[in-house]
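Spelled out, the chains give:
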Amino acid sequence: MNNFTFYTPTKIYFGDGMISNLHKISDYGKSVLIVYGKSSIKKNGIYDKVVEELKLANMDIFELSGVDPNPRIDSVREGVRLCREHKIDVVLAVGGGSSIDCAKVIAAGTLYEGDPWDLVLDGSKIVKALPVVAVLTMAATGSEMDAFAVISDMKSNDKLGTGADCLKPVFSILDPKFTFSVPRKHTIAGVADIMSHTFENYFAPNKAAFLQSRLAEAVLKTCIKYGPIAADNPEDYEARANIMWASSLAINGLLSEGADVAWTVHGMEHELSAYYDITHGEGLALLTPHWMEYVLSDDTLWKFKDYGVNVWGIDASLGDMEIAKLAIEKTSEFFRNLGLPMSLSEVGIGREKLKEMADKLDGKFDDSFVALKPEDVLKIYEAAL
């Protein structure tokens, strides 16, 4: 196992009614910018609960609404403008990963002299940020407990990740009931996103990271058990709670520290979203089995055998390659049975831009579980058509 430093400063208030802790935001100042999406949090009553708590804390409240599912740099720039104009002390994201990611870069951009897109291009420029607080309404990205944010510039077809420890929320409120109203489409896409985060950490080359792999398998088994339940019974508290906590644990560093982790499928999907603005989790689900098939070899067989036996319960007495192929089939079948699209054509993507997208990833996957060149990425894209 590699040396590592594990730092998780985010305090989590998890469970029914934990919104009552939001008043503690006043520990970080008196003025707050609420960052959220469109109308869903007003329709389901979460907005009113948030505002009530902020008023109890005597906060001066300002708002940035309309954050897109793939948050735009334009929203970040507007948030920075509002923070500077109103001398905002703390940024509060109410929503899923898109709102939280947007809030994080707003928090850093407010204290940066240049354009906030600089911080997306180069995370090393993020040296300080306003405090960020999150009220999570959708389990998917894990942004409520990590240091990362993904922002898009649709004009240049770029969707890029950035990060710094100072972007980690100071506290996050996770009430599973706040996810009851999430539509099935987004619930299942969220499950795919959580599983993909876990896959990115799990499919790593160092066998010595034994504990991290077993933890990752537990997260995957949780998604496999509770994902369909949450999709079919959206107000099943147990299912929503398990999926919500899996979201946080998949990407807060617990599964990655000490392992040689270099993500691949997320980078490939970011190109799809940047060019076609598709739902992130859907893109991950349709690419994952094709990536698995492409990187399966005698060298990687050991990991796929672990995956098949420990996650899917495949008979260990079968041949290793048979186990591996069955595991990939079960992965594809699981996503398909959830109702996720399993081909690029189903989300309106043809072959026109595939090479252009693959070429933009040149050099990005040199250190991945299996190194991929643009021609390899293109083959995976084409297999997913």
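In case you missed it, the structure is sitting above this.
Residue positions are given per chain, counted from 1 along the sequence in the order it is written. In keeping with the predicted nature of the model, local features appear solely for residues at pLDDT of at least 70, side-chain atom pairs appear and are counted solely at 80 or more, and the whole-chain, interface and lining totals rest on all residues. Heavy atoms throughout the structure, all of them, feed into the side-chain values; hydrogens and water do not.

J.: Teacher, can you tell me more about the environment of V370 here?
T.: Numbering of helices and strands starts at the N terminus; helices are DSSP runs of H or I of at least 4 residues and strands are runs of E of at least 2. For V370, the position within the fold is in the loop between helix 13 (354–359) and helix 14 (374–383). Exposure is judged per residue with a 1.4 Å probe applied to protein chains only, and the accessible area is read against the type maximum: over 50% gives exposed, under 20% gives buried, and values in between give partly exposed. Residue V370 is classed as partly exposed on the basis of its relative accessible area of 23%. Expressed as a C-alpha distance, the spacing of V370 and S31, which sit 339 residues apart in the sequence, is 48 Å. In what follows, a contact means two residues having at least one pair of non-hydrogen atoms within 4.5 Å. Among all residues touching V370, those that are not within four sequence positions of it are V295, T300 and F365.

J.: I keep staring at the packing of aromatic side chains and nothing clicks. Help me out?
T.: One pair of aromatic rings is described through two measures. These are the centre distance and the angle between the planes. Ring pairs are drawn from Phe, Tyr and Trp, using the six-membered ring of Trp, whenever the two centres fall within 6.5 Å, and their geometry is named by plane angle: stacked under 30 degrees, edge-to-face over 60, tilted for the rest. Evaluated as defined, the whole model comprises 15 aromatic pairs. Ring geometry for F203 and F304: centres 4.9 Å apart, planes at 40°, overall tilted. With F203 in the loop between helix 6 (184–202) and helix 7 (210–232) and F304 in helix 11 (residues 301–311), this residue pair connects regions lying 101 residues apart in the sequence. As far as burial versus exposure is concerned, F203 and F304 are alike and both buried. By the ring-pair criterion, three or more aromatic residues cluster together here, those being F199, Y202, F203, W291, F304, Y307 and F369. For R214, the ring lying beneath its charged end belongs to F210, and the centroid distance is 4.5 Å. The criterion for a charge sitting over a ring is simple: Lys NZ or Arg CZ within 6 Å of the ring centre, and within 35 degrees of the ring normal. Geometry around Y226 places K225 over its ring, the cationic atom sitting 5.2 Å from the centre.

J.: Any chance you could explain the sheet that holds strand 5 (residues 132–136) here in plain terms?
T.: Adjacent strands of a sheet pair through backbone hydrogen bonds, lying either parallel or antiparallel. Taken together, six strands build an open sheet; the order of strands is 1-8-5-4-2-3 and the sheet is parallel. At either end of the open sheet lies a strand with only one pairing partner, and these are strand 1 (11–14) and strand 3 (60–64). Averaged over all pairs of adjacent strands, the angle between their axes in this sheet comes to 20°, without regard to strand direction. Pairing of strand 2 (residues 31–35) with strand 3, which is carried by five bridges, proceeds in the parallel orientation. Bridge pairing in strand 3 links V32 to I61. Contacts between helix 3 (residues 73–86) and the sheet are confined to strand 2, strand 3 and strand 4 (90–95), with strand 3 contributing the most and set at about 160° to the helix. Where helices are involved, their axes are fitted lines through C-alpha atoms of the stretch in contact, as for all axes, and angles between N-to-C directions lie from 0 to 180°. Across the sheet, helix 8 (residues 237–249) touches strand 1, strand 5 and strand 8 (171–174), and the angle it forms with strand 1 is around 170°. A strand pair is defined by DSSP finding two or more bridges across the two strands.

J.: Please explain helix 14 as it appears in this structure.
T.: An α-helical turn contains 3.6 residues, so any two residues separated by three or four positions project in the same direction. Buried within helix 14 we find P374, D376, V377, L378, I380 and Y381. If you follow the buried residues of helix 14, they end up packed against helix 9 (265–276), helix 10 (280–295) and helix 13.

J.: I tried to follow the side chain of E200 on my own but got confused; where do I start?
T.: Its location among the elements puts E200 in helix 6. Charge counting follows a simple rule: Lys and Arg are positive, Asp and Glu are negative, and His as well as the terminal groups are ignored. Salt bridges are defined as contacts in which a side-chain nitrogen from Lys or Arg sits within 4 Å of a carboxyl oxygen from Asp or Glu. Buried and unpaired, E200 has no salt bridge, with K159 as the nearest side chain of opposite charge at 12 Å. Residues adjacent in sequence count toward polar contacts only when both atoms are side-chain atoms; beyond that, a polar contact is any pair of N or O atoms within 3.5 Å, and within protein one must be able to donate a hydrogen and the other to accept it. A distance of 2.7 Å separates a polar side-chain atom of E200 from the backbone nitrogen of H266. Among residues more than four places away in sequence, those in contact with E200 are V261, W263, T264, V265 and H266.

J.: Looking at this structure, how should I read the nonpolar core?
T.: One recurring pattern in soluble globular proteins: nonpolar side chains tend to sit buried together. Among buried residues, those of type Ala, Val, Leu, Ile, Met, Phe, Trp, Tyr and Cys that are joined through side-chain atoms within 4.5 Å constitute a nonpolar core. Ranked by internal contacts, the top residues of the largest apolar core, which has 94 residues, are M268, W291, Y307 and Y381. Among the elements that take part in this core, helix 7 stands out by supplying eight residues, more than any other. Once you skip the residues sitting within four places of it in the chain, Y307 turns out to touch F199, Y202, F203, L220, M292, W312, A327 and T331. Counting 23 residues, the second largest nonpolar core, distinct from the first, contains I34, Y47, M59 and V135.

J.: Looking at this structure, how should I read unusual backbone geometry?
T.: Of all residues except glycine, most have a negative phi; of all peptide bonds, most are trans. Phi is positive for N58, close to 60°, though the residue is something other than glycine. Topologically, N58 is positioned in the loop between helix 2 (46–56) and strand 3. Among the residues examined, N58 registers a relative accessible area of 56% and is labelled exposed. Residue D277 is not a glycine yet carries a positive backbone phi of 55°. Within the secondary structure, D277 sits in the loop between helix 9 and helix 10.

J.: Whenever I open this one, the pairing of strand 8 confuses me. Can you help?
T.: Each regular strand displays side chains that alternate between the two surfaces of the sheet. In strand 8, alternate side chains face the same way, and those of F171 and I173 on one face and S172 and L174 on the other are all buried. As defined by bridge partners, strand 1 adjoins strand 8 across four bridges and the pair is classed as parallel. Bridge pairing in strand 8 places I12 opposite S172. In this sheet, strand 8 lies alongside strand 5 in parallel orientation, the contact comprising four bridges. Note that in strand 8 the partner of V133 across the bridge is F171.

J.: Help me understand the pattern of salt bridges in this model?
T.: Pairing between side chains becomes possible if they bear opposite charge and their charged atoms approach one another. Here the structure, examined in full by the defined rule, presents 22 salt bridges. R72 is the partner of D277 in a salt bridge, and the nearest nitrogen-oxygen pair spans 3.1 Å. Linking D277 in the loop between helix 9 and helix 10 with R72 in the loop between strand 3 and helix 3, this pair joins segments that are 205 residues apart in sequence. With its nearest N and O atoms 2.7 Å apart, the salt bridge here joins E217 to R214. In this pair, E217 and R214 are both assigned in helix 7, three residues apart and thus about one turn of the helix distant. A cluster of three or more residues bridged by salt bridges with shared partners is formed by K38, D68, R72 and D277.

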